[in-house]
Amino acid sequence: MRYFIKRIFLNIHNYFMDFQIPEDLITEAREDKLQKKSRQDKKDEKDNNYQQQKQEYRKIKHQREKQLRYEKLQQFKTQEEIDAYLKERKLAKQFKRENGLLQTQSKFRVVIDCGFEDSMAEREQKSLAKQMSHLYSENRKLKFPIKIFITNIYPTLEKWLQVFNYEKWPITASKEPFYEIEELKGSNFVYLTPDAEEEIQEIKEDEVYIIGGLVDKPIIKNATLNRAQMLNVRKAKLPIGGMIKANFKKCLNVSTAALFIPNWLELRDWQATFDKIVPLKFYKD
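(A) Geometry of the side chain of aspartate 113. Within the secondary structure, aspartate 113 sits in strand 1 (residues 109-113). The buried category is assigned to aspartate 113, whose relative accessible area is 0%. For aspartate 113, the side chain forms a polar contact with the side chain of tyrosine 191, separated by 2.8 Å. Of the polar contacts made by the side chain of aspartate 113, one reaches the side chain of arginine 227; its length is 2.5 Å. Aside from chain neighbours lying at most four places away, what touches aspartate 113 is Thr151, Asn152, Phe178, Tyr191, Ile210, Ile211, Gly212, Gly213, Arg227 and Leu231.

Shown next as structure tokens:
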């Protein structure tokens, strides 16, 4: 019996030793591997070029601002005018620094929920990072800055956020979902979605407003509504539907939706807030 088993294994072994993979299959596999590597190299090169262009743009922008300041100083005729201008610049910088601290202490909290990785291409994820940079920058300038949380950060989004040095922003950024952030546990969450039925009438201290970190072109219907339902969170929308053109979707981009909250806190009027921050293309004729 052992002899026969041994012969079977020897025959199987010899069969596979004699089997030759066709040369064209080997060549095709090698070409596919090289092509895949080439695509990755191109992607890496594109990312590196973008980073270099970003640095060059910042350098050019800094030099241009410096030149504009110099030209403005040349327009003043007296030392008093120069001193007043420099004092105004110093106060503006101080205001930004103080507001940067104020937003970390604000009782009004807004979460950007980035749990939509599978619904976006990398180009859209890059756009999302840019919008969050805009949100952070504009929030610092406002009279009532909000406290910002960015949650569910995933590797591709983090890569693009790093372009904007997000690690230095005075915000809470986490890979965890918002309901697991220690400071937010047990909060009264309100997920702002244009597909909700309920409209909020005012912004409240005891509510945490969630905005879906989603850039969707074309728009994915009920995306944020479905996520809110999945998370079992209260759903509501901004009361601006009647202010937007009838043929326009009632969807704002992430930064605009978030900036509604600090601007409303200053103006206490939804129409005035809409007029201040929403692009003209949304306006009714």
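(B) Summary view of the packing of helix 4 (residues 122-139) against helix 5 (residues 155-163). Helix 5 packs onto helix 4 with a crossing angle of 45 degrees between their chain directions and a minimal axis gap of 9 Å. It follows from the interaxial angle that helix 4 and helix 5 lie oblique. Relative to helix 5, helix 4 is oriented so that their crossing is right-handed. Residues Glu122, Gln125, Lys126, Leu128, Ala129 and Met132 of helix 4 form the contact with helix 5, whose own contacting residues are Thr156, Leu157, Lys159, Trp160 and Leu161. Its residues assigned to classes, the contact of helix 4 with helix 5 comprises 6 nonpolar, 2 polar and 3 charged.

(C) A look at the nonpolar core. Formed by 62 residues in total, the largest nonpolar core has its most connected members in Ile112, Ile150, Phe178 and Ile203. The contacts of isoleucine 203, once residues within four sequence positions are left out, are Phe108, Tyr209, Ile261, Trp264, Leu265 and Trp270.

(D) Focus on the side chain of glutamate 124. Its location among the elements puts glutamate 124 in helix 4. In this structure glutamate 124 is buried but unpaired, with arginine 123 as the nearest side chain of opposite charge at 5.4 Å. A distance of 2.9 Å separates the side chain of glutamate 124 from the backbone nitrogen of alanine 121, its partner in a polar contact. With near-sequence residues (within four places) excluded, glutamate 124 lies in contact with Ser119, Val215, Asp216 and Lys217.

(E) Fine view of helix 5. What helix 5 keeps buried is the set Leu157, Glu158, Trp160, Leu161 and Val163. Following helix 5 by one or two positions, asparagine 165 adopts a phi angle in the positive range, close to 55 degrees.

(F) Representation of helix 7 (residues 254-267). Spanning 14 residues, helix 7 covers 20 Å between terminal C-alpha atoms, matching the ideal 20 Å at 1.5 Å per step. Taken as a whole, helix 7 carries its principal kink of about 30 degrees at isoleucine 261; the proline proline 262 stands between one and four residues after it. Buried residues of helix 7: Val254, Ser255, Thr256, Ala257, Ala258, Leu259, Phe260, Ile261, Pro262, Asn263, Trp264 and Leu265, and no others. On its buried side, helix 7 packs onto strand 1, helix 4, strand 4 (188-192), strand 5 (207-212) and helix 8 (270-277).

(G) Molecular detail of the pairing of strand 5. Strand 5 sits mainly inside the fold: 6 of its 6 residues count as buried. Bridging between strand 4 and strand 5 involves 5 bridges; their strand directions are parallel. Note that in strand 5 the partner of asparagine 188 across the bridge is glutamate 207.

Rules used throughout
Residues numbered from 1 in each chain as written. Predicted model: local features only at pLDDT ≥ 70, side-chain atom pairs only at ≥ 80, totals over all residues. Heavy atoms only, no water. Helix = DSSP H or I, 4+ residues; strand = E, 2+ residues; numbered from the N terminus. Buried < 20%, exposed > 50% of the residue type's maximum accessible area, 1.4 Å probe, protein only. Polar contact = N/O pair within 3.5 Å; in protein donor to acceptor, adjacent residues only side chain to side chain. Contact = heavy atoms within 4.5 Å. Axes fitted to C-alpha atoms, helices over the stretch in contact; angles between N-to-C directions. Parallel < 35°, antiparallel > 145°, perpendicular 65-115°, else oblique. Left-handed = near helix turned anticlockwise from the far one by under 90°. Nonpolar A, V, L, I, M, F, W, Y, C, P; charged D, E, K, R; others polar. Core = buried A, V, L, I, M, F, W, Y, C linked by side-chain atoms within 4.5 Å. Lys, Arg positive; Asp, Glu negative; His and termini not counted. Salt bridge = Lys/Arg side-chain N within 4 Å of Asp/Glu carboxyl O. Expected span 1.5 Å × (residues − 1). Bend = angle between axes of the 7 residues up to and from the residue. Pairing = 2+ DSSP bridges.

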